[in-house]
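Now for the letters of each chain:
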Amino acid sequence: MRRPFIAGNWKMNLDRASAVALAEGLAKQAEAVDDVDLAVCPPSVYLDAVGKAVAGSKVALGAQNMYHEAEGAFTGEISAAMLNDLGCRYVILGHSERRHVLGETDADINKKVHVALAGGLTPIVCVGELLEEREAGKTLEVIRTQFDGSLAGLSGDQVARLVIAYEPVWAIGTGKVATPEQAEEVHLDLRKIIADRYNEEVAQAVRIQYGGSVKPDNAAELLQQPNIDGALVGGASLKVDSFMGIVAGLGG
Ligand code: PGA
């Protein structure tokens, strides 16, 4: 059985005081939550403060990005060891905003995935198609290309430990959520790709989150799909009530 996993991607939002207050609120509410993994991914400058606020709670810490080199002259970048040092368990890699706004390629993401795993972090690797790709009937082709490129050279054991987030780009921050059927179709296809490249055991082990306009009122339907193992939540992760309302969708 895959354990559900709900993670909040705070993106470039909040200030220090509101980040800490949100983290403290979530840590408190999470006391009543069982059988679900929870994480928050604050802006990197607040990782330390948020990590302290969630320490000892059921809320884990994740980063939104990292660099693929261990150390050195890489101005502005952050290493896996630094994230570990701050208590991160997860790191989001290949988010669509990094792919499409900041120009990250599958090859860049692949390097980061290898380094994150070697550094003991669990990558949350994002894949997802643009609206024009969906409309052209290319969704599955795009997902396959991103999977093969971003996850090249990994062993089955490594893939089994990953989290994959399927985030259709047209659903991110738009309020336009994929239907449970649209999401489930891609999640099932991802599992088929993994079974094909590795084996059924690996395919059944990987947790695949859905992301893109997940809110308390649409979460339950999505999370009840057999191949949707959780959610990567942007906007609705910025308030305690809406994030916990999504977590509550797992019970429904
Ligand atoms: P959203 O973002 O929930 O605001 O659509 C999701 C994400 O980008 O991870």
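Residues numbered from 1 in each chain as written. Predicted model: local features only at pLDDT ≥ 70, side-chain atom pairs only at ≥ 80, totals over all residues. Heavy atoms only, no water.

### A few points about the packing of helix α1 (residues 16–29) against helix α2 (residues 47–54)
Now for step 1: At a minimum axis distance of 8 Å, the contact between α1 and α2 shows a crossing angle of 25°. Between α1 and α2, the angle is such that the two are roughly parallel. The two elements α1 and α2 cross, and the hand of that crossing is right-handed. In this structure, α1 uses R16, A19, V20, A23, E24 and A27 to contact α2, whose residues at the interface are A49, V50, A53 and V54.
Now for step 2: Tallied by class, residues from the contact of α1 with α2 come to 8 nonpolar, no polar and 2 charged. (Axes fitted to C-alpha atoms, helices over the stretch in contact; angles between N-to-C directions. Helix = DSSP H or I, 4+ residues; strand = E, 2+ residues; numbered from the N terminus. Parallel < 35°, antiparallel > 145°, perpendicular 65-115°, else oblique. Left-handed = near helix turned anticlockwise from the far one by under 90°. Contact = heavy atoms within 4.5 Å. Nonpolar A, V, L, I, M, F, W, Y, C, P; charged D, E, K, R; others polar.)

### Regarding the packing of aromatic side chains
Now for step 1: Using the criterion set out here, one finds 3 aromatic pairs in the structure.
Now for step 2: Consider the rings of F5 and Y90, whose centres lie 4.5 Å apart with planes at 25°: the pair is stacked. In this pair, F5 is assigned in strand β1 (residues 5–9) and Y90 in strand β4 (residues 90–93), connecting sequence segments 85 residues apart. Both residues of the pair, F5 and Y90, belong to the buried class. (Phe/Tyr/Trp six-rings, centres within 6.5 Å; stacked < 30°, edge-to-face > 60°. Buried < 20%, exposed > 50% of the residue type's maximum accessible area, 1.4 Å probe, protein only.)

### Thoughts on the site of the ligand
Now for step 1: Looking at the ligand, there are 13 residues lining it, with K11, H95, E167, G173 and S213 nearest.
Now for step 2: Within the side chain of E167, an N or O atom sits 2.7 Å from an oxygen atom of the ligand.
Now for step 3: In the environment of the ligand, an oxygen atom lies 2.8 Å from a nitrogen or oxygen atom belonging to the backbone of G235.
Now for step 4: For the ligand, whose unbound accessible area comes to 280 Å², protein coverage reaches 96%.
Now for step 5: Partitioning the shell around the ligand into residue classes produces 4 nonpolar, 7 polar and 2 charged. (Near = heavy atom within 4 Å. Polar contact = N/O pair within 3.5 Å; in protein donor to acceptor, adjacent residues only side chain to side chain. Areas by Shrake-Rupley, 256 points an atom, 1.4 Å probe, with all protein chains shown as cover.)

### Things to note about the environment of M12
Now for step 1: Relative to the assigned elements, M12 resides in the loop between β1 and α1.
Now for step 2: According to the relative accessible area criterion, M12 is exposed, its value standing at 80%.
Now for step 3: For the pair M12 and K52, spaced 40 residues apart in sequence, the C-alpha separation works out to 20 Å.

### A few points about the pairing of strand β2 (residues 37–41)
Looking along a regular strand, one sees the side chains alternate between the two faces of the sheet.
Now for step 1: Counting buried positions along β2 yields 5 of 5 residues, so the element is predominantly enclosed.
Now for step 2: The alternating pattern of β2 places D37, A39 and C41 and L38 and V40 on opposite faces, both of which are buried.
Now for step 3: For the handedness criterion, the β-α-β arrangement of β1, α1 and β2 is classed as right-handed.
Now for step 4: Inspection of the sheet shows β2 paired to strand β3 (residues 59–63) by 3 bridges, in the parallel sense. Pairing of L38 across the sheet is with V59, part of β3.
Now for step 5: Remark: the β2/α2/β3 crossover connection has right-handed handedness. (Right-handed = clockwise from strand over helix to strand, strands pointing away. Pairing = 2+ DSSP bridges.)

### Structural notes on α2
Now for step 1: Burial analysis of α2 places 6 of its 8 residues in the buried class, which makes it a mostly covered element.
Now for step 2: Listing the buried residues of α2 in full gives L47, A49, V50, G51, A53 and V54.
Now for step 3: Structurally, α2 contributes buried residues whose contacts are with α1, β2, β3 and α3 (80–85).
Now for step 4: Positioned one or two residues after α2, G56 has a phi angle of 80°, which is positive.

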